[in-house]
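Commentary on secondary and tertiary structure
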Amino acid sequence: MRFLGYFEQICSIPHCSYQAQKLGEFLLEFSKSRGFDTKIDENFNIHAIKGKPKICLQAHYDMVCVGEAPKIELENDGEFLSAKNSTLGADNGIGLAIIMDIMDEAQDLEVLFTSDEEVGLIGANAFAGEICAPALLNLDSEDDSEVIIGCAGGLLAEFRREFEPCELGLGELFSPEFEPCELGLGELFSSSVSEHLSTGLLSNESSHSTSAKNCTQNSSNLNADYYESSENFDTGLLSNESSHSTSAENSTQNSSNLNANYYELSCDGLEGGHSGMQIAKNIPNAIKELAHFAKNHGANILAMSGGDRDNAIPTWAKALVSASSKLQSKGLVKAKKLDLLGAKELFAKLCDDDLKNPIIMKSNSADFTRNSRIPMKANSADFTKRENSRNSRIPLLNDFLLALPHGVLGWDERLGLPKTSANLAIVRTRLTSKDENARIAFSVQIYARSSSQEELAKLKNSYEAISELAGFQSSFGASSMPWEPEQSEFATSVLTALQKYRPNAKITAIHAGLECGCLSAKMKQKGKKLVACSIGPNISGAHTINERCEIKSAQIIAQVVRDVLKNA
């Protein structure tokens, strides 16, 4: 079981997505030291060839980092591998380790280690080399009784809108023009609370008295009660020490949260899971749970942070909300009352750019309009009049989160697995600057999968429509094409080798993403046919801190790979 030693080495080298260069360098030198003709491309894919290979072994070398990862404290109880308080990275570290073990003695072998698979199959999609072998065996599956010959494609979307400090969460924000304190946070930004904070991140020294006066009149947070967690947060995010007193006065007069209560809502410790492999299990989504709670109890989300990665079902979410009545913890959601200082501290924490798991989508900021507005042609005064006649206000962020789809959206009866799904994955609140011109940026990421490219295109249209109606800008990141199932002699030979150890093994497809499809398509563009399939050991809880890999299963897959190579 030399591969376990290699896996331990892999765990000791940080290799989160976008940050796996050190492991890439290690694999590059390892391949060269084993006598392989090795190249690394500009996207950090490592391509190694030795002799006259008939099969190319392929795995990716980045991992989903959740919990304390990239620090991995490996645990081995003799039956399972796991990690203490972090993802294990068996997806796809075990595949890497098995390949490394085989490279120690192989004479005719081709190997492809790809980069950044977990964030949109980036390395495989950008691979410009040519695979010499006629067959590719991917080692990124998570069930040792399956030979995979097809997978879903993926689409990553991000939605963003920036708000003035007093715009967020009320019905008026659907108007083309905004009052300065529609956010419901006017009190938090006024000079009357400056003595509670040690720094002036949002100081407004040059603000005019008239602006402050209007902000106060429309603010609905005047004399609000707040809830907070027991943690201390020693920062002055919303200090306004040098503002004029008239600014605070006007902020109070215009606030629309008069006599509101403020709470910290939290939902954490949920099961989570791989957004492709486990989306059909109806696992609770912490972001959705929080949004439903707020909606059901008449609360307005003012700031929020939740989720870790686009391909992981969110296990946690936290929000600052305002409510006209008292909130109590219920079900999966905990509610804690905040005083004024606690509300400011929580808002600061939710906007902290140093959160351990920030949004990782590398989108161009130019894709987003700085001041996004609903393209509404109705008369502003008439619209405001209609809104003011309502007994309750529309919580925009609540509704936007609830409108975005999550879960299985279509089922493939033939294969007995999801055809189309979406994972509402990440929510973040950020400040655009640390001065009086600061704006609040609310961002949401969602990752969709489908075995149909047409369905992915329809989802994209839906996303664009929903975001436009809510005044958000949409941006789309890396995507992958579905890998259409195709039976081949190679897949049958792999199945035969696997059935020696797992008699009930079968050929099937999965609702997760694999690199086989895009690599086969790339070779087809070069005029070469590449047949492919995927196998892997039993891995449970991938993309969560509960990830485990069955050792006996990994041994079986290692032996199957050797048998396939021997009989090729």
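Right, let's walk through the structure included here. The model shown is predicted, which means the values in this text are computed figures rather than measured ones. (Residues numbered from 1 in each chain as written. Predicted model: local features only at pLDDT ≥ 70, side-chain atom pairs only at ≥ 80, totals over all residues. Heavy atoms only, no water.)

**Some thoughts on the overall build of the chain**
The test is simple: Secondary structure follows DSSP: runs of H or I at least 4 residues long count as helices, runs of E at least 2 residues long count as strands, and numbering of each begins at the N terminus. Type-normalised accessible area, obtained with a 1.4 Å probe on protein chains alone, sets the label of each residue: buried when under 20%, exposed when over 50%, and partly exposed for intermediate values. The contact rule is simple, with two residues in contact once any of their heavy atoms fall within 4.5 Å. Surface accessibility in these figures is a Shrake-Rupley result with a 1.4 Å probe; residues are shielded only by whichever protein chains are displayed.
What the chain contains, in helices and strands, is 15 helices and 23 strands. In the chain, which comprises 568 residues, the proportion classed as buried is 58%. When contacts within the chain are restricted to residue pairs at least 6 apart in sequence, long-range pairs at least 24 apart make up 81% of them. With an accessible surface of roughly 22,900 Å², the chain has 46% of that area assigned to carbon and sulfur atoms.

**Concerning the nonpolar core**
Short version of the rule: The set of buried Ala, Val, Leu, Ile, Met, Phe, Trp, Tyr and Cys residues whose side-chain atoms join them within 4.5 Å is what this entry labels a nonpolar core.
If you look at the biggest cluster of nonpolar residues, it comprises 66 residues, and the most contacted ones within it are Phe113, Leu137, Phe490 and Ile535. Sort the elements by how many residues they give to this core and helix 3 (residues 90–103) lands first, with nine residues. Ignoring anything within four residues of it in the chain, the contact list for Ile535 reads Leu137, Asn138, Leu139, Asp140, Ser141, Glu146, Val147, Val494, Ile557, Val560 and Val561. Counting residues in hydrophobic clusters, the runner-up holds 41 residues, among them Tyr263, Ile287, Met304 and Leu459.

**Some points on the pairing of strand 17 (residues 417–431)**
Here is the rule: We treat two strands as partners when DSSP finds at least two bridges between them.
Burial within strand 17 is extensive, with 14 of its 15 residues counted as buried. Two strands pair when backbone bridges link them, and strand 16 (residues 407–412) and strand 17 are joined in this way by five bridges, in the antiparallel orientation. Its bridge partner lying in strand 17, Trp411 is registered against Pro418. Where strand 16 hands over to strand 17, the hairpin turn is made up of four residues, of which Gly416 adopts a positive phi near 65°.

**Details of the state of the cysteines**
Here a disulfide denotes a covalent bond joining the sulfur atom of one cysteine to the sulfur atom of another. Threshold: Only a pair of cysteine sulfur atoms within 2.5 Å counts as a disulfide in this structure description.
Across all of its chains, the model carries one disulfide by this definition. Free of any disulfide, Cys518 has its nearest cysteine sulfur in Cys151, 8.2 Å distant.

**Considering the sheet that holds strand 5 (residues 80–83)**
As a reminder of what qualifies: Working convention: axes come from line fits to C-alpha atoms, limited for helices to the stretch in contact. Angles between N-to-C directions cover 0 to 180 degrees.
Spatially, 4-5-23-22 is the arrangement adopted by the four strands of the open sheet, whose pairing is antiparallel. Two strands in the sheet have a free side with no partner beyond their single neighbour: strand 4 (74–76) and strand 22 (539–540). Both strand 4 and strand 5 contribute to a ladder of three bridges, which runs antiparallel. Bridge pairing in strand 5 links Leu74 to Ala83. Most of the contacts of helix 15 (residues 551–567) go to strand 23 (residues 548–550), to which it runs at about 60°, and overall it touches strand 4, strand 5 and strand 23.

**So, the pairing of strand 6 (residues 109–114)**
Judged by how many residues are buried, strand 6 sits mostly within the fold: six of six residues are covered. Every second residue of strand 6 is oriented toward a common face, with Leu109, Val111 and Phe113 on one face and Glu110, Leu112 and Thr114 on the other, all of them buried. Direction of pairing for strand 2 (residues 46–50) relative to strand 6: antiparallel, over a ladder of five bridges. Pairing of His47 across the sheet is with Leu112, part of strand 6. Across five bridges, the pairing between strand 3 (residues 55–60) and strand 6 is parallel. Paired with Ala59 across the strands is Phe113, a residue of strand 6.

**Some points on the pattern of salt bridges**
We count it as follows: Within this document, salt bridges are pairs made up of a side-chain nitrogen of Lys or Arg and a carboxyl oxygen of Asp or Glu, the two lying within 4 Å of each other.
In the structure shown here, the tally under the stated rule is 12 salt bridges. A salt bridge links Arg34 to Asp104; the shortest N-O distance between them is 2.7 Å. Within this pair, whereas Arg34 is found in the loop between helix 2 (21–33) and strand 1 (37–40), its partner Asp104 is found in the loop between helix 3 and strand 6, the two being separated by 70 residues in sequence. Asp104 gets classed as partly exposed once you look at its relative accessible area, which sits at 27%. Ionic pairing is found between Asp101 and Arg562, a salt bridge with its closest N-O pair at 3.1 Å. Of this pair, Asp101 sits in helix 3 while Arg562 sits in helix 15, and the two are 461 residues apart along the sequence.

**Considerations on the packing of helix 2 against helix 3**
The cut-off we apply is this: In what follows, roughly perpendicular refers to angles from 65 to 115 degrees, roughly parallel to angles under 35, roughly antiparallel to angles over 145, and oblique to any angle outside these ranges. Take the far helix as your reference; a near helix turned counterclockwise from it by less than a right angle gives a left-handed crossing, and one turned clockwise gives a right-handed crossing. Residue polarity follows a fixed list, in which Ala, Val, Leu, Ile, Met, Phe, Trp, Tyr, Cys and Pro are nonpolar, Asp, Glu, Lys and Arg are charged, and the others, Gly among them, are polar.
For the pair helix 2 and helix 3, the least separation of the axes is 11 Å and the interaxial angle reads 20°. Viewed along their axes, helix 2 and helix 3 adopt a mutual orientation that is roughly parallel. In terms of crossing hand, the pair formed by helix 2 and helix 3 is left-handed. Across the interface between the two elements, Leu23, Phe26, Leu27, Phe30 and Ser31 from helix 2 touch Leu96, Met100 and Met103 from helix 3. Partitioned by chemical class, the residues of the contact of helix 2 with helix 3 number seven nonpolar, one polar and no charged.

**Focus on the packing of aromatic side chains**
Short version of the rule: Note on ring pairs: Phe, Tyr and Trp rings are taken, using the six-membered ring of Trp, and paired if centres are within 6.5 Å. Classes follow the plane angle, with under 30 degrees stacked, over 60 edge-to-face and the rest tilted.
Applying the stated criterion across every chain, the model contains five aromatic pairs. Between the aromatic rings of Phe159 and Phe400, the centroid separation amounts to 5.7 Å while the plane-to-plane angle is 85°, which identifies the pairing as edge-to-face. Taken together, the residues Phe159 in strand 9 (residues 153–163) and Phe400 in helix 11 (residues 396–403) connect sequence positions 241 residues apart. Consider the rings of Phe159 and Tyr463, whose centres lie 5.7 Å apart with planes at 85°: the pair is edge-to-face.

**Some thoughts on the side chain of Ser480**
Looking at where Ser480 falls in the secondary structure, it is placed in strand 19 (residues 473–480). A residue is classified by how much of its surface remains accessible, and Ser480, at 7% relative accessible area, is buried. Setting aside chain neighbours within four positions, we find Ser480 in contact with Leu121, Asn125, Gly153, Gly154, Tyr447, Gln453 and Leu456.

**Let's talk about empty space enclosed by the protein**
The probe, sized like a water molecule, is rolled over the atoms to show the empty space still left. The test is simple: Throughout, the protein atoms alone are placed on a 1 Å grid, and a set of points is a cavity if a 1.4 Å probe fits but cannot get out or a pocket if it is open with protein on both sides within 12 Å along at least five of seven lines; lining residues have an atom within 4 Å of a point. Grid points are joined across faces, edges and corners, and a volume is the space filled by probe spheres set on the points.
Inspection of every chain in the model, using the stated rule, returns six cavities of 30 Å³ or more. Estimates place the volume of the largest cavity at around 210 Å³. Around the largest cavity, the lining is made up of 22 residues, and of these Glu117, Glu118, His274, Ala512 and Gly513 lie nearest the centre. Contributions of two or more residues to the lining of the largest cavity are made by strand 8 (146–151) and strand 18 (440–450).

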